[in-house]
Amino acid sequence: MRSAISAAEGVRGTTYPNPPVGAVILDVTGAIVGTGATQPPGGPHAEVVALQAAGELARGGTAVVTLEPCNHFGRTPPCTKALIDAGIATVHFALRDPNPAAAGGAAALQQAGIATHAGVLADEVAAGPLRAWLHKQRTGRPHVTWKYAASLDGRSAAADGTSKWITGPIARAQVHAERAKLDAIVVGTGTVLTDDPWLTARLPSGELAPHQPMRVVVGHTEIPSTARILDKAAPTLLLKTRDANEVVDALAEYTDVLLEGGPTLAGAFLEARRVDRILAYIAPVLLGDGRSALGGAGIGNIEQALRFRRESVETIGPDVLLSLVQFDRHNVGSTLDTDYSEE
Ligand code: AOF
Ligand code: ZN
């Protein structure tokens, strides 16, 4: 399943509106003979790519998939049929498909005599490659991550406004790798005026990545026509609002959205409860009277403090990356009701 998860990670950002799914085929001896991931819409699903790689070696073997194999004729024929035709004997998958049109795969496989098991590494898949897509299926809204880099004392710039660089080069490279997997990046006009960010996804070589997220500028203030965000390197959308709900509505066609600030816009999103996850890069640096990473957010007293649940903590060179989610976040573990394995 970990191989299937990394195959899925590899295509994240390229499968919209389909989920990035990964699949691995094992032969009768348990050796990996095929790996696949979802191709762009209209192309084959993960299972079909993995089965093609495995060829005849799939017969009598095992398929491991991050999502329940689909059971419908959509843009492509059902993966259940492909697995049955290939002579697969056992299927393990992490999460059930919440899309009613595609669901029912496990039951269909079971009916065809294939031993079927649900729930393998379900939490890792739900918090990993399928996070944004699952959120979209559940809520109808894109998944919003607020990402910021700050000093130990919560500042994103020094008192004179200078802000380069707070976090180390490894954290910055990671931000670029992540951008290439997103649908949209949102900033406020204030950030455009102070930082003139480019907001493109760059490869380690400095070249532009093949997939660029939509650059979204939010706010009423005019930005200069010379702003780097208006160049042709990636598409740009200008939204004349500061209302977080209006922004999220305007981005309804997307799945995975990153909010990069600044402080006022982040405050508006947090106050409207439109932040689903926080990625905080914290550097071992103090900035004193600098600009706070967050403004407002409607917090006037300790009762109104917004508290989050720590999902993970990672060290990145000298910095620390905290991943935080809402306390009321839908608990995916509890939806893993059925194990189709026989007693
Ligand atoms: C799978 N394997 O790799 C993916 C699945 O319109 P279609 O035919 O492309 O089907 C899209 C639906 O199929 C999608 O909403 C989701 O429920 C499922 N995605 N299923 O077996 C895959 N990407
Ligand atoms: Zn499928």
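Residues numbered from 1 in each chain as written. Chains lettered and ligands numbered in written order. Predicted model: local features only at pLDDT ≥ 70, side-chain atom pairs only at ≥ 80, totals over all residues. Heavy atoms only, no water.

Some points on the coordination of the zinc ion (ligand 2)
Logical step 1: The coordination sphere of the zinc ion (ligand 2) contains the protein donors His45 (ND1), Cys70 (SG) and Cys79 (SG), at a distance range of 2.0 to 2.2 Å.
Logical step 2: Viewed at the metal, the 4 donor atoms of the zinc ion (ligand 2) are separated by angles of 96 to 121°, and the geometry they form is tetrahedral.
Logical step 3: On the primary sequence, the residues serving as donors to the zinc ion (ligand 2) are separated as H-x24-C-x8-C. Residue histidine 45 is located in the loop between strand 2 (32-37) and helix 2 (46-54), and its partner cysteine 70 is located in the loop between strand 3 (62-67) and helix 3 (79-85); the two are separated by 25 residues in the primary sequence. Exposure class is identical for histidine 45 and cysteine 70. Each is buried. (Donors = N, O, S within 2.8 Å, 3.2 Å for Na, K, Ca; no water. Tetrahedral: all angles 85-135°; square planar, octahedral: opposite > 155°, others 65-115°. Helix = DSSP H or I, 4+ residues; strand = E, 2+ residues; numbered from the N terminus. Buried < 20%, exposed > 50% of the residue type's maximum accessible area, 1.4 Å probe, protein only.)

Concerning the confidence of the model for the protein
Logical step 1: On average, residues of the protein carry a pLDDT of 92, and 95% of them reach 70 or more.
Logical step 2: The low-confidence segment residues 329-343 (pLDDT under 50) makes 28 contacts with residues lying over four places distant or belonging to another chain. (pLDDT = per-residue confidence, 0-100. Contact = heavy atoms within 4.5 Å.)

Quick notes on the sheet that holds strand 15 (residues 319-325)
Logical step 1: Strand order in the open sheet formed by 8 strands is 10-9-8-11-6-12-15-14, with mixed pairing between adjacent strands. Edge positions in the sheet fall to strand 10 (236-239) and strand 14 (309-316), since each has one partner strand and no second. Ignoring strand direction, the axes of neighbouring strands in this sheet form an average angle of 20°.
Logical step 2: Where strand 9 (residues 214-218) lies against strand 10, 4 bridges are found, and the strand directions are parallel. Residue pairing across strands places valine 217 opposite leucine 238, the latter belonging to strand 10.
Logical step 3: Packing against the sheet, helix 7 (residues 169-179) makes contact with strand 6 (143-151), strand 8 (184-188), strand 12 (277-283), strand 14 and strand 15, and its axis sits at approximately 120° to strand 14. (Pairing = 2+ DSSP bridges. Axes fitted to C-alpha atoms, helices over the stretch in contact; angles between N-to-C directions.)

Describing the nonpolar core
Logical step 1: If you look at the biggest cluster of nonpolar residues, it comprises 35 residues, and the most contacted ones within it are Ile25, Ile88, Val91 and Leu95.
Logical step 2: Secondary structure elements with two or more residues in this core: helix 1 (2-11), strand 1 (22-26), helix 2, strand 3, strand 4 (90-95), helix 4 (105-111), helix 5 (122-127) and helix 6 (131-139).
Logical step 3: Setting aside residues no more than four positions away along its own chain, isoleucine 88 makes contact with Ile25, Leu51, Ala58, Gly61, Thr62, Ala63, Leu83 and Ile114.
Logical step 4: Of all hydrophobic cores here, the second largest spans 28 residues; its members include Ala244, Val275, Ile278 and Leu324. (Core = buried A, V, L, I, M, F, W, Y, C linked by side-chain atoms within 4.5 Å.)

Digging into empty space enclosed by the protein
Logical step 1: Under the defined criterion, the tally for this structure stands at 2 cavities of 30 Å³ or more.
Logical step 2: In this structure, the largest cavity occupies an estimated 50 Å³ of space.
Logical step 3: Every residue lining the largest cavity is listed: Lys147, Val175, Glu178, Arg179, Leu182, Leu258, Leu279 and Tyr281.
Logical step 4: Listing elements by their share of the lining of the largest cavity, those giving two or more residues are helix 7 and strand 12.
Logical step 5: Of the residues forming the lining of the largest cavity, the biggest block, 3 residues, is contributed by helix 7.
Logical step 6: When grouped by side-chain class, the residues that make up the lining of the largest cavity number 5 nonpolar, no polar and 3 charged.
Logical step 7: By volume, the second largest cavity amounts to about 40 Å³.
Logical step 8: Surrounding the second largest cavity, His135, Arg141, Pro142, Val144, Val248, Arg273, Arg274 and Asp276 form its lining.
Logical step 9: Here the lining of the second largest cavity is built from residues that sort into 3 nonpolar, 1 polar and 4 charged. (1 Å grid on protein atoms, 1.4 Å probe; cavity = no way out; pocket = protein on both sides within 12 Å on 5 of 7 lines; lining within 4 Å. Points joined across faces, edges and corners; volume = space filled by probe spheres on them. Nonpolar A, V, L, I, M, F, W, Y, C, P; charged D, E, K, R; others polar.)

A closer look at the side chain of threonine 38
Logical step 1: Along the chain, the position of threonine 38 falls in the loop between strand 2 and helix 2.
Logical step 2: A distance of 3.3 Å separates a polar atom in the side chain of threonine 38 from the backbone oxygen of proline 19.
Logical step 3: Not counting residues up to four positions away in its chain, the partners in contact with threonine 38 are Val11, Thr15, Asn18, Pro19, Pro20, Val21, Pro44, His45 and Ala46. (Polar contact = N/O pair within 3.5 Å; in protein donor to acceptor, adjacent residues only side chain to side chain.)

Structural notes on the site of ligand 1
Logical step 1: Among the 19 residues in the neighbourhood of ligand 1, the closest are listed as Thr38, Glu47, Arg75, Asp97 and Asn99.
Logical step 2: Note that an oxygen atom of ligand 1 is positioned 2.8 Å from one of the backbone N or O atoms of arginine 75.
Logical step 3: Taking threonine 76, its main chain carries an N or O atom lying 3.2 Å from an oxygen atom of ligand 1.
Logical step 4: Coverage of ligand 1 by the protein amounts to 95% of the 520 Å² it exposes when considered alone.
Logical step 5: Residues belonging to the shell around ligand 1 are distributed by class as follows: 8 nonpolar, 7 polar and 4 charged. (Near = heavy atom within 4 Å. Areas by Shrake-Rupley, 256 points an atom, 1.4 Å probe, with all protein chains shown as cover.)

Observations concerning the domain arrangement of the protein
Logical step 1: Domains assigned within the protein are domain 1 (2-129) and domain 2 (142-331).
Logical step 2: Of note, the centres of domain 1 and domain 2, computed from C-alpha atoms alone, are 34 Å apart.
Logical step 3: Listed by partner, the interface residues are 6 residues for domain 1 and 10 residues for domain 2.
Logical step 4: Contact between domain 1 and domain 2 buries roughly 680 Å² in total, counting both sides, with carbon and sulfur atoms accounting for 36%.
Logical step 5: Looking at the side of domain 1 facing domain 2, the largest losses of area belong to Arg12, Gly13 and Tyr16, adding up to 72% of the total buried there.
Logical step 6: Where domain 1 touches domain 2, the interface holds 3 salt bridges. (Domains from an automatic or database assignment. Buried area = accessible area lost by both parts, 1.4 Å probe. Salt bridge = Lys/Arg side-chain N within 4 Å of Asp/Glu carboxyl O.)

Looking at the pattern of salt bridges
Logical step 1: Going through the model one piece at a time under the given rule, you end up with 13 salt bridges.
Logical step 2: In this structure, the salt-bridge partner of arginine 12 is glutamate 178, at a minimum N-O distance of 3.0 Å. Residue arginine 12 is located in the loop between helix 1 and strand 1, and its partner glutamate 178 is located in helix 7; the two are separated by 166 residues in the primary sequence.
Logical step 3: Here glutamate 178 falls in the partly exposed class, since its relative accessible area comes to 23%.
Logical step 4: Note that glutamate 56 is salt-bridged to arginine 59, the shortest N-O span being 3.3 Å.
Logical step 5: Since its relative accessible area comes to 62%, glutamate 56 is described here as exposed.
Logical step 6: You can call arginine 59 partly exposed: its relative accessible area is 45%.
Logical step 7: Several salt bridges share partner residues, and in doing so they unite Glu9, Arg12, Glu178, Lys181 and Asp256 into one network.

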